[in-house]
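Chains, contacts and geometry: an overview
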Amino acid sequence: MDNLIQKKVFVYIFCFFCICSITISFIYKINLSNIFGEIAPNAYLLQKKIYAKTGGAVSDLMTHWEYIQILRSDITNLFSFEMGVDTKLLNFPLHHIIFSQIYFLADNFNNYLFFFFCFSLTIPFLVYLNISEVFENLNKRTLLLISSLIYILPIFQYTSIWGNNHITAIFFFFIGTLFHLKLKKSNFVKIRYVYLSIIFLSFAAYTKQFYVFFFVYFFIELLLNLKLKPFILVSIFTILLSIPGIFFIVINPLLYLGFNQETTNFSSSVLVSSSICFFYLIPFIIQNLLNNFRNKKINVKELFNIKITTISFIVFFLCFPNFYYEGNIGAGIFYKLFYLILNYKIIFFITSFLGIYFIFFFTRNNIQSYVLSLLLLCTFSSGFFVFQKYFEPMFFLIFLIYFDKEKILVCLRKNNYVLMLYFLTYYISINYIYFFGI
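Fair warning: this is a prediction, and the values are worked out from it, not measured in the lab.

**Considerations on the overall build of the protein chain**
Each helix and strand in the protein chain was counted, giving 25 helices and zero strands. Against the 2.2 N^0.38 benchmark of 22 Å for 438 residues, the protein chain shows a C-alpha radius of gyration of 22 Å, consistent with a compact globule. Projected onto the principal axes, the alpha-carbon positions of the protein chain cover approximately 65 × 60 × 50 Å. Taking all 438 residues of the protein chain together, 57% fall into the buried category. Restricting to contacts in the protein chain with at least 6 residues of sequence separation, those with at least 24 account for 77%. When the accessible surface of the protein chain is summed, it comes to about 19400 Å², and 68% of that surface belongs to carbon and sulfur atoms.

Below you can see the structure in the form of structure tokens.
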């Protein structure tokens, strides 16, 4: 299988299959976002002669499209319509500002969906550029294979076909990380990359506000690597970029307060987030074990590090006693499968613990990397629903480019077919559930 993957023909066929899968989903409007919801058509889309099950991203489409029309009619409505009051939208509106001003898209619903779908196909290319910056010596066909997996991630597919601002935010975020990697590659000498990275990371945050979490990690790196004068100038530049956002929150307080709910609590959201992260880490863990076993280098003490195990148990047992998550919306695959459907709650908590452990296991041994890991665990702790779509494909890329390079290389050099088979199984399983309404 390893030898087969290295062949050009196999890689090109697999990439073609991935593109075909998302194209078929777009043509037939397969709404994978509602696989556990009601099997009923969306009334809003039926009026536009589109049949799709309601719920999830397909229901969000009405909110996004109607707000685009509000800004299309008059861009000053940006300040006269209050978020969460005059519109259901509770995101920063950069996505809507952009598309409302492209008239041939804002004037035609089908044009918007088609253009947005084509636009989303660029995301795996950005993933390829990012991981190429980190794994320069890794076989290019392997990098292409890994990048193509993005096409078959179910959350990526349904946000692509339903014109969701999640894709726009990811697009800006991945460009921001690319410039950040180029900055690191220049040993923080080429300051222009700092400003370019900040601009695109700001665009991501102005599309989906939770991406602001990355600035904490980013500025710790800048503080540790830049001299005082350029750091001060960069800080002033960032503050200036943040002023429109601060002003917009002041006139739209529900952008912050609307997420301050009691669906869950801080400690519970940490366990939910770690469980979701563990779902994406499983193939890397398996590949690590297989490759070490092949090389007869399995070191139990290294794989199950006592220090990391101790920290993980402390974090887990601080969060476990007060676990609370209301309803069946969000919380990831493992929560739905083991906690709600099968009622094997202990398995869900095991996935949460393993998520905490392996996040720290793959974390680079420096302060900014540990901060990033903690941010991934704690960012979605406002009390609002924790959705798996927040992590896909964001966590997939962050893991590849910001976690321990040497440990990830152990996973990717050989037996990288596990990664492909794992996410193919994920894709096929979700489609099976969708088609048969399980």
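**A look at the state of the cysteines**
Within the structure shown, the criterion is met by zero disulfides. Free of any disulfide, Cys 18 has its nearest neighbouring cysteine sulfur in Cys 15, separated by 6.3 Å. Of all cysteine sulfurs in the structure, the one in Cys 378 sits closest to Cys 319, which takes part in no disulfide; the separation is 7.7 Å. Judged by its relative accessible area of 7%, Cys 319 is buried.

**Brief notes about the pattern of salt bridges**
In a structure, side chains of opposite charge can pair up when their charged atoms sit close to one another. Counting across every chain of the model gives six salt bridges. Across the salt bridge formed by Lys 182 and Glu 133, the nearest N and O atoms sit 3.0 Å from each other. Residue Lys 182 is located in helix α12 (residues 165-185), and its partner Glu 133 is located in helix α9 (residues 123-134); the two are separated by 49 residues in the primary sequence. You can call Lys 182 partly exposed: its relative accessible area is 26%. Classification of Glu 133 by relative accessible area gives buried; the value is 19%.

**Quick notes on the packing of aromatic side chains**
Per the stated rule, a full pass over the model turns up 80 aromatic pairs. Measuring from ring centre to ring centre gives 6.1 Å for Phe 219 and Phe 231, while their planes differ by 75°; the resulting arrangement is edge-to-face. Of this pair, Phe 219 sits in helix α14 (residues 213-225) while Phe 231 sits in helix α15 (residues 228-251); the two residues are twelve residues apart in sequence, bridging distant segments of the chain. By the burial criterion, Phe 219 is buried, and Phe 231 matches it. The cationic tip of Lys 48 hangs over the ring face of Phe 109; the distance from NZ or CZ to the ring centre is 4.8 Å. When the ring centre of Phe 387 is taken as reference, the NZ or CZ atom of Lys 389 above it lies at 5.7 Å.

**Some points on the environment of Tyr 193**
Inspection of the secondary structure assignment puts Tyr 193 in helix α13 (residues 192-205). Overall, the relative accessible area of 14% leaves Tyr 193 in the buried class. For the pair Tyr 193 and Leu 183, spaced ten residues apart in the sequence, the C-alpha separation amounts to 5.4 Å. Here Tyr 193 is in contact with Phe 179, Lys 182 and Leu 183, once residues within four sequence places are set aside.

**Digging into the environment of Phe 338**
Structurally, Phe 338 can be placed in helix α20 (residues 332-341). Under the relative-accessibility criterion, Phe 338 is labelled buried at 15%. Look past the residues within four positions of Phe 338 in its chain and what remains in contact with it is Asn 343, Tyr 344, Lys 345, Ile 347 and Phe 348.

**Overview of the nonpolar core**
The biggest cluster of nonpolar side chains holds 156 residues, and the ones touching the most others in it are Trp 162, Leu 222, Phe 391, Met 394 and Leu 400. Examining the composition of this core, we find that twelve residues originate from one element, helix α17 (residues 266-294), more than from any other. Apart from the residues lying within four places of it in its own chain, the contact partners of Leu 222 are Leu 183, Phe 188, Val 194, Phe 231 and Val 234.

**What about unusual backbone geometry?**
The step from Glu 392 to Pro 393 runs through a cis peptide bond, and the omega angle for that step is 0°. Its location among the elements puts Pro 393 in the loop between α22 (367-378) and α23 (394-402). Even without a glycine there, the phi angle at Lys 29 is positive, about 50°. Using a relative accessible area of 13% as the deciding quantity, one classes Lys 29 as buried. A positive phi angle is found at Lys 49, which is not glycine, with a value near 60°. Along the chain, Lys 49 turns up in the loop between α3 (43-46) and α4 (56-73). Judged by its relative accessible area of 80%, Lys 49 is exposed.

Cut-offs used in this document
Residues numbered from 1 in each chain as written. Predicted model: local features only at pLDDT ≥ 70, side-chain atom pairs only at ≥ 80, totals over all residues. Heavy atoms only, no water. Helix = DSSP H or I, 4+ residues; strand = E, 2+ residues; numbered from the N terminus. Rg over C-alpha atoms; globule rule 2.2 N^0.38 Å. Buried < 20%, exposed > 50% of the residue type's maximum accessible area, 1.4 Å probe, protein only. Contact = heavy atoms within 4.5 Å. Areas by Shrake-Rupley, 256 points an atom, 1.4 Å probe, with all protein chains shown as cover. Disulfide = S-S within 2.5 Å. Salt bridge = Lys/Arg side-chain N within 4 Å of Asp/Glu carboxyl O. Phe/Tyr/Trp six-rings, centres within 6.5 Å; stacked < 30°, edge-to-face > 60°. Lys NZ or Arg CZ within 6 Å of the ring centre and 35° of its normal. Core = buried A, V, L, I, M, F, W, Y, C linked by side-chain atoms within 4.5 Å.

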